[in-house]
Amino acid sequence: MDHFLYRGGSLHAEDVALTDIAISVGTPFYCYSAATLTRHYNLFSEALSPLPHLVCFAIKSLSNIAVLKLLGDLGAGMDVVSIGEYMRAKAAGVPGERIVFSGVGKTRDEMRIALHGGIRQFNVESEPELRALSEVATSLGKTAPIAIRVNPDVDARTHAKIATGKSENKFGIPIARAPQVYAEAAKLPGIQVVGIDVHIGSQLTDLEPFEQAFQKVAELTMTLRAQGHTITRLDLGGGLGIPYTRSNDAPPLPIDYGAMIKRTLGHLGCEIEIEPGRLISGNSGILVSRVIYTKNGEGRDFLILDAAMNDLVRPSMYDAWHDIVPVIGPAPGVETQPYDVVGPVCETGDTFAKARHLPPLAEGDLVAFRSAGAYGAVMASEYNTRPLVPEVLVSQDHFAVIRARPSVDEILKRDSIPEWL
Ligand SMILES: *Cc1c(COP(=O)(O)O)cnc(C)c1O
């Protein structure tokens, strides 16, 4: 459920008409609903209660500091994969003890900054990383709390680019080798083992791969405890999928995911951490764009928008489907027609949808891409020297620009011409 609904035929974000934001901010723009973000965070937190737990929002899905502040104020932790994201969490007022540092390639500089600023735990993905972290922590006179990311070798049955839990993926340590790596960790002076971490992929639409992975984590917990390790936390990663269309099978709900976690891991007495990104942010955001031209092609009509693949890359990168809806709903009984919906970028890949059925649209009309809150603005680039799309946050009847659109002048100023040229 989200808070983007038609009122009097006009699409609103909560109580604000998107046409009003378009006039004030210009197009294209991303728009997020505070009520939807809040609702999704609460669903997860309630699903895990009464187990001790921390819902760590995966910042990589939507990293605007205003959004992080909103979630952090609700009590969320944060899952970061770079020091840049760590600093975003800090800038949003989230304390270090609620920040988990994930990622396969943390540098020593990143470790140093996080240890210095405070960190809940590092999710370590390899033995070289473990040794580097121990050295860095020792040099600072600290010990680094860690979980080791294990790779359970389960098939997440999702898009190949976002599956991470098979043995051929670059992530984590094969679960069979985990006891050996935990034994090494226990001997390192700068390391304190606190738990186990697993994350098998993104946009999973079935609980079964999660359950298989979590059962393996439960077994490993017993094994490691028998070997004398203190395992008090289980970080179960993110990955729960969202419905991108209204027609396809509905993915599992947080409440069912929570019940499955309690069933498979509840008896272990561990604090549960989860790292949802997409399920919190995905349906909390839309991308609003204006039709520049409609063009009649050979056997097809094109809708040429002012948004492009650089603003929302998911369709060209992951073959993703986003519902596209007119901001002013059609009069009742109007027949739809197929459009190829494209952006202005000079690549054929700059196609959002083919033969998409929409009511007739004209130059100047507004359309919205639904479910664009996750992996939308964060993956945007300035390809074709198109300024980064601004972000707007709505709460009830008010809205604010939370990242302004840069001017082309600002973009040009970032380049410099060497004096010898
Ligand atoms: C990407 C990622 C997440 C978030 O995944 P979602 O599918 O957005 O929930 C969580 N944890 C790790 C380690 C990740 O890489």
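For clarity, every value in this text was computed on a predicted model and none was experimentally measured.

Student: Even after reading the chapter, I still don't get the site of the ligand, so can you show me in this structure?
Tutor: Taken together, 15 residues lie around the ligand, and Lys 60, Ser 202, Glu 275, Arg 278 and Tyr 375 are the ones closest in. Asp 79 has a polar side-chain atom sitting 3.4 Å from a nitrogen atom of the ligand. Gly 239 is positioned with one of its backbone polar atoms (N or O) 2.8 Å from an oxygen atom of the ligand. A molecule is said to occupy a pocket when more than half its atoms come within 2 Å of that pocket's grid points, and by this definition the ligand occupies the largest pocket. Here the shell around the ligand is composed, by residue class, of three nonpolar, seven polar and five charged.

Student: What exactly am I supposed to notice about unusual backbone geometry here?
Tutor: Glycine aside, negative phi is the norm for most residues, and most peptide bonds take the trans geometry. Look at the link from Thr 27 to Pro 28: it is a cis peptide, with omega at -10 degrees. Relative to the elements of secondary structure, Pro 28 occurs in the loop between helix H1 (18-25) and strand E4 (29-33). Cis geometry is adopted by the peptide bond preceding Pro 50, which originates at Ser 49 and carries an omega value of 5 degrees. One can find Pro 50 in the loop between helix H2 (34-48) and strand E5 (53-58).

Student: What is the right way to look at the side chain of Arg 314 in this model?
Tutor: Along the chain, Arg 314 falls in helix H11 (residues 314-318). Despite being buried, Arg 314 has no salt bridge partner; Asp 319 is the closest side chain of opposite charge, sitting 10 Å away. Those residues in contact with Arg 314 that sit more than four places away from it in its chain are Tyr 244, Arg 278, Asp 319, Ala 320, His 322, Ala 374 and Tyr 375.

Student: Please clarify how a nonpolar patch on the surface should be interpreted in this entry.
Tutor: A cluster of nonpolar side chains, Ile 417, Trp 420 and Leu 421, forms an exposed patch at the surface whose accessible area comes to about 480 Å². Within the secondary structure, Leu 421 sits in the segment after helix H12 (408-413). For Leu 421, a relative accessible area of 72% gives the class exposed.

Student: Help me understand the pairing of strand E17 (residues 337-342), please; the structure alone is not making it clear to me.
Tutor: Where strand E15 (residues 300-305) meets E17, four bridges bridge the pair, whose relative direction is parallel. Residue pairing across strands places Ile 304 opposite Val 342, the latter belonging to E17. In the sheet, E17 pairs with strand E18 (residues 351-358) via five bridges, with the strands oriented antiparallel. Paired with Val 341 across the strands is Ala 353, a residue of E18.

Student: Please explain the packing of aromatic side chains as it appears in this structure.
Tutor: The geometry of two aromatic rings is summed up by the distance between their centres and the angle between their planes. If you walk through the whole model with that rule in mind, you get seven aromatic pairs. Here Phe 101 and Phe 122 contribute two aromatic rings whose centre-to-centre distance is 5.9 Å and whose plane-to-plane angle is 20 degrees, an arrangement assigned as stacked. Placement of the pair is Phe 101 in strand E7 (residues 99-101) and Phe 122 in strand E8 (residues 121-124), with a sequence separation of 21 residues. Overall, the relative accessible area of 0% leaves Phe 101 in the buried class. One aromatic cluster in this structure is built from Phe 44, Phe 210, Phe 214 and Tyr 257. Over the ring of Trp 321 we find Arg 356; its NZ or CZ atom is 3.5 Å from the centre of that ring.

Student: What is the right way to read helix H6 (residues 127-139) from this model?
Tutor: One full turn of an α-helix is made of 3.6 residues, so residues set three or four places apart face in the same direction. An ideal rise of 1.5 Å per residue puts 18 Å on 13 residues; H6 measures up with 18 Å between its terminal C-alpha atoms. Those residues of H6 that fall on the buried side of the exposure criterion are Glu 127, Glu 129, Leu 130, Ala 132, Leu 133, Ser 134, Val 136 and Ala 137. A side-chain oxygen of the first residue of H6 lies 3.2 Å from the backbone nitrogen of Glu 129; this N-cap is Ser 126. Count one or two residues on from H6 and you reach Gly 141, which has phi positive near 70 degrees.

Student: What is the right way to look at the pattern of salt bridges in this model?
Tutor: Pairs can form between side chains of opposite charge whenever their charged atoms are close. Applying the stated criterion across every chain yields a total of 18 salt bridges. Of the charged contacts in the structure, one is a salt bridge between Glu 129 and Lys 106, with a shortest N-O distance of 2.5 Å. Here the residue Glu 129 occupies a position in helix H6, and Lys 106 occupies one in the loop between E7 and helix H5 (108-117), the gap between them amounting to 23 residues. For the residue pair Glu 129 and Lys 106, the accessibility class agrees, reading buried in each case. Between Glu 271 and Arg 233 there is a salt bridge whose closest N-O contact spans 3.9 Å. Of this pair, Glu 271 sits in strand E13 (residues 271-274) while Arg 233 sits in strand E12 (residues 233-235), and the two are 38 residues apart along the sequence. Glu 271 gets classed as partly exposed once you look at its relative accessible area, which sits at 24%.

Student: Teacher, can you tell me more about the state of the cysteines here?
Tutor: What we call a disulfide is simply a covalent bond connecting the sulfur atoms of a pair of cysteines. Within the structure shown, the criterion is met by zero disulfides. Of all cysteine sulfurs in the structure, the one in Cys 270 sits closest to Cys 56, which takes part in no disulfide; the separation is 15 Å.

Student: Can you help me understand the layout of surface pockets in this one?
Tutor: Using a probe with the size of a water molecule, rolled over the atoms, empty space left in the structure can be pinpointed. Roughly 680 Å³ of internal volume is contained in the largest pocket. Together, 34 residues line the largest pocket, and Lys 60, Thr 164, Phe 171, His 199 and Tyr 375 are the ones closest to its centre. At the level of elements, helix H10 (278-281) and H11 are the ones that each hand at least two residues to the lining of the largest pocket. A breakdown of the residues in the lining of the largest pocket according to their chemical character gives 14 nonpolar, 10 polar and 10 charged. Viewed by domain, the lining of the largest pocket spans two of them, domain 1 (4-31 + 282-412) and domain 2 (34-281), each represented by three or more residues.

Basis of the calculations
- Residues numbered from 1 in each chain as written.
- Predicted model: local features only at pLDDT ≥ 70, side-chain atom pairs only at ≥ 80, totals over all residues.
- Heavy atoms only, no water.
- Near = heavy atom within 4 Å.
- Polar contact = N/O pair within 3.5 Å; in protein donor to acceptor, adjacent residues only side chain to side chain.
- 1 Å grid on protein atoms, 1.4 Å probe; cavity = no way out; pocket = protein on both sides within 12 Å on 5 of 7 lines; lining within 4 Å.
- Sits in = over half its atoms within 2 Å of the grid points.
- Nonpolar A, V, L, I, M, F, W, Y, C, P; charged D, E, K, R; others polar.
- Helix = DSSP H or I, 4+ residues; strand = E, 2+ residues; numbered from the N terminus.
- Buried < 20%, exposed > 50% of the residue type's maximum accessible area, 1.4 Å probe, protein only.
- Lys, Arg positive; Asp, Glu negative; His and termini not counted.
- Salt bridge = Lys/Arg side-chain N within 4 Å of Asp/Glu carboxyl O.
- Contact = heavy atoms within 4.5 Å.
- Patch = residues over 30% accessible without salt bridge, like charges linked within 9 Å, V, L, I, M, F, W, Y side chains within 5 Å.
- Areas by Shrake-Rupley, 256 points an atom, 1.4 Å probe, with all protein chains shown as cover.
- Pairing = 2+ DSSP bridges.
- Phe/Tyr/Trp six-rings, centres within 6.5 Å; stacked < 30°, edge-to-face > 60°.
- Lys NZ or Arg CZ within 6 Å of the ring centre and 35° of its normal.
- Expected span 1.5 Å × (residues − 1).
- Disulfide = S-S within 2.5 Å.
- Points joined across faces, edges and corners; volume = space filled by probe spheres on them.
- Domains from an automatic or database assignment.

Fair warning: the whole summary comes from geometry, so function is off the table for now.
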